[in-house]
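# Understanding the architecture of this molecule
If you want the building blocks of each chain, they are given just below.
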Amino acid sequence: MLEHMLFQALSDGVLIMDRNRIIQEINPAATRMTGWETGHKVPYCLFCQYREVEHDEERCLLMGKNAPSYFESEMPTLYGESIPVSFSTTYLPAEDGTVEHTLLMLRDISQKKQEEEARMAKLLARQTIEAQEAERKRLAQELHDGIGQSLYSISMALGLLRQIVPESGTQLFATASATLADTMREVKQLSVTLRPPALDILGLKAALVSLIRQMEQHFSLKITMRYKLPLGLRMSSSMELHIYRIVQEILSNAAKHAKSPVLFLSLRPLSNRFGLRLTIRDKGKGFDPIHVYRHSTGLGLKHLAERTKLLQGSMHISSAPGRGTVLRFVIPFTSTEETDNEKN
Ligand SMILES: Nc1ncnc2c1ncn2[C@@H]1O[C@H](COP(=O)(O)OP(=O)(O)O)[C@@H](O)[C@H]1O
Ligand SMILES: [Mg+2]
């Protein structure tokens, strides 16, 4: 009696089937999951439907000689769909010891599957960003050690040649030297953009100050930064790099799209000190975030969202045409340490 009540009340699906997979008894949870009832034949799961079998082998894995006691597959339901389920079996022997019935437990693992997919998507986003950073670092090194060094040699050679250039070539020589100097500056600038050296050595604040100085010079901007994080606070290197990249993207968006020369940036601790708040504001032309989210092919804002997710933080954009733009981020300190640990 108690067994029967338990059988009825279990939230896992349980059924008893005979050697021909005809259901002898089934509990309500299993019926809810699959639509099957007593007298129905349990169909092959997706795995068994398509697996290769010997001519005398039983197609249903659960009925075979070496049946696994647990496995996961997809099961067709009476409603014509397939659901991801885990199976576990127990044999119920007859009095003479032969197997007469099999007790099958079914568990719906859709949620587990979804969680797994979400975890994989997060992992993939992290790996993509990490691979991108590694590639940027490599490119920065190549630029500096390869092209940068070659340009330097050329400039040394030009310096020596200067003495022997005839009068008629002086103008041409000067132009070539000026172009070379510009190119060297650009290469240096590019390698700094690819890999901010100040970040590794001096930390986030110094790297941001130097980024701001460059942006101000290049785009004639006026950027005010309020950096209120405690002096000496060093976050994990991945957290610092993510924040640096976030600021870099937003400043370059403001320079490219906002058409406003004034920008305001602030970094301060949360009142509970468990994280930080980053706010970047421009008074430029603004945009419709929903429209951009749906239609823009740009990757900048999408990468901001991905980086924020990796930091387990939150991002909020408030903007409208003609009303300027504010991006707000809340980023916890602790979770990023975990993110770093997960990597190790
Ligand atoms: N600060 C801003 N002011 C005005 N428009 C912006 C701003 N930031 C982003 N946008 C708009 O959002 C779009 C998408 O930005 P983003 O994803 O960074 O791509 P991209 O910068 O490559 O165009 C931009 O093309 C622009 O229209
Ligand atoms: Mg952009």
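Residues numbered from 1 in each chain as written. Chains lettered and ligands numbered in written order. Predicted model: local features only at pLDDT ≥ 70, side-chain atom pairs only at ≥ 80, totals over all residues.

Looking at an unreviewed UniProt entry, one finds the protein named Oxygen sensor histidine kinase NreB, with Aneurinibacillus aneurinilyticus ATCC 12856 as its source organism. What the UniProt record of the protein gives under Subcellular location (unreviewed entry) is the line "Cytoplasm". (UniProt positions renumbered as here; feature names shortened; annotations may be inferred.)

Lining the immediate environment of ligand 1, one finds 17 residues, of which N253, H257, G298, G300 and L301 sit closest. Contributions of two or more residues to the shell around ligand 1 are made by helix 8 (237-258) and helix 10 (300-310). Partitioned by chemical class, the residues of the shell around ligand 1 number six nonpolar, eight polar and three charged. (Near = placed C-beta within 6 Å. Helix = DSSP H or I, 4+ residues; strand = E, 2+ residues; numbered from the N terminus. Nonpolar A, V, L, I, M, F, W, Y, C, P; charged D, E, K, R; others polar.)

Direction vectors running N to C along helix 4 (residues 110-161) and helix 10 enclose 110°, while the axes themselves pass 10 Å from each other. The angle between helix 4 and helix 10 falls in the class roughly perpendicular. Here the hand of the crossing between helix 4 and helix 10 comes out left-handed. Here helix 4 contributes K122, A125, R126 and I129 to the contact with helix 10, which in turn contributes E306, R307, K309 and L310. Partitioning the contact of helix 4 with helix 10 into residue classes produces three nonpolar, no polar and five charged. (Axes fitted to C-alpha atoms, helices over the stretch in contact; angles between N-to-C directions. Parallel < 35°, antiparallel > 145°, perpendicular 65-115°, else oblique. Left-handed = near helix turned anticlockwise from the far one by under 90°. Contact = placed C-beta atoms within 7 Å.)

Next up on the list: the sheet that holds strand 3 (residues 70-76). Taken in spatial order, the five strands line up as 2-1-5-4-3 in an open sheet, and their pairing is antiparallel. Where the open sheet ends on each side, the last strands, each with one partner, are strand 2 (23-26) and strand 3. Between one strand axis and the next, the sheet turns by 35° as a mean value, whatever way the strands run. (Pairing = 2+ DSSP bridges.)

Checked against the element boundaries, G298 lands in the loop between helix 9 (289-295) and helix 10. Classification of G298 as partly exposed rests on a count of 13 C-beta atoms within 10 Å. As for G298 and T279, which are separated by 19 residues in sequence, their C-alpha atoms are 21 Å apart. (Buried ≥ 20, exposed ≤ 12 C-beta atoms within 10 Å, placed from the backbone.)

For the protein, the domain assignment lists domain 1 (2-108), domain 2 (116-195) and domain 3 (199-344). Computed from C-alpha coordinates alone, the two centres of domain 2 and domain 3 are separated by 26 Å. Across the contact, five residues belong to domain 2 and five residues belong to domain 3. Broken down by class, the residue content of the side of domain 2 that touches domain 3 amounts to two nonpolar, no polar and three charged. (Domains from an automatic or database assignment.)

Positioned with a positive phi, S220 is a non-glycine residue whose angle comes to about 50°. Within the fold, S220 resides in the loop between helix 7 (204-219) and strand 6 (222-227). On the neighbour-count criterion, S220 (9 C-beta atoms within 10 Å) is exposed. Even without a glycine there, the phi angle at K259 is positive, about 55°. Secondary-structure assignment places K259 in the loop between helix 8 and strand 7 (262-269).

Here we take up the sheet that holds strand 9 (residues 314-319). As summarised here, the arrangement of the five strands in space is 6-7-8-10-9, forming an open sheet in which the pairing is mixed. Where the open sheet ends on each side, the last strands, each with one partner, are strand 6 and strand 9. The mean angle between the axes of side-by-side strands here comes to 10°, regardless of whether they run parallel or antiparallel. One ladder, built from seven bridges, connects strand 7 with strand 8 (residues 275-282); its direction is antiparallel. Residue pairing for strand 8: L267 is matched across the bridge by L278.

Among the residues of helix 10, those classed as buried are L304, R307, T308 and L310. The buried residues of helix 10 occupy an angular sector of 155° when projected down its axis, which confines them to one face. (Arc of directions from axis to C-beta.)

This part takes up the packing of helix 7 against helix 8. The interhelical angle for the contact between helix 7 and helix 8, taken along N-to-C directions, is 15°, at an axis separation of 11 Å. Of the possible angle classes, the one that applies to helix 7 and helix 8 is roughly parallel. Note on packing geometry: the crossing formed by helix 7 with helix 8 is right-handed. Two secondary-structure elements touch here, helix 7 through L204, A207, L208, L211, M215 and F219 and helix 8 through E240, I243, Y244, V247, Q248, L251 and A255. Of the residues in the contact of helix 7 with helix 8, the class split is eleven nonpolar, one polar and one charged.

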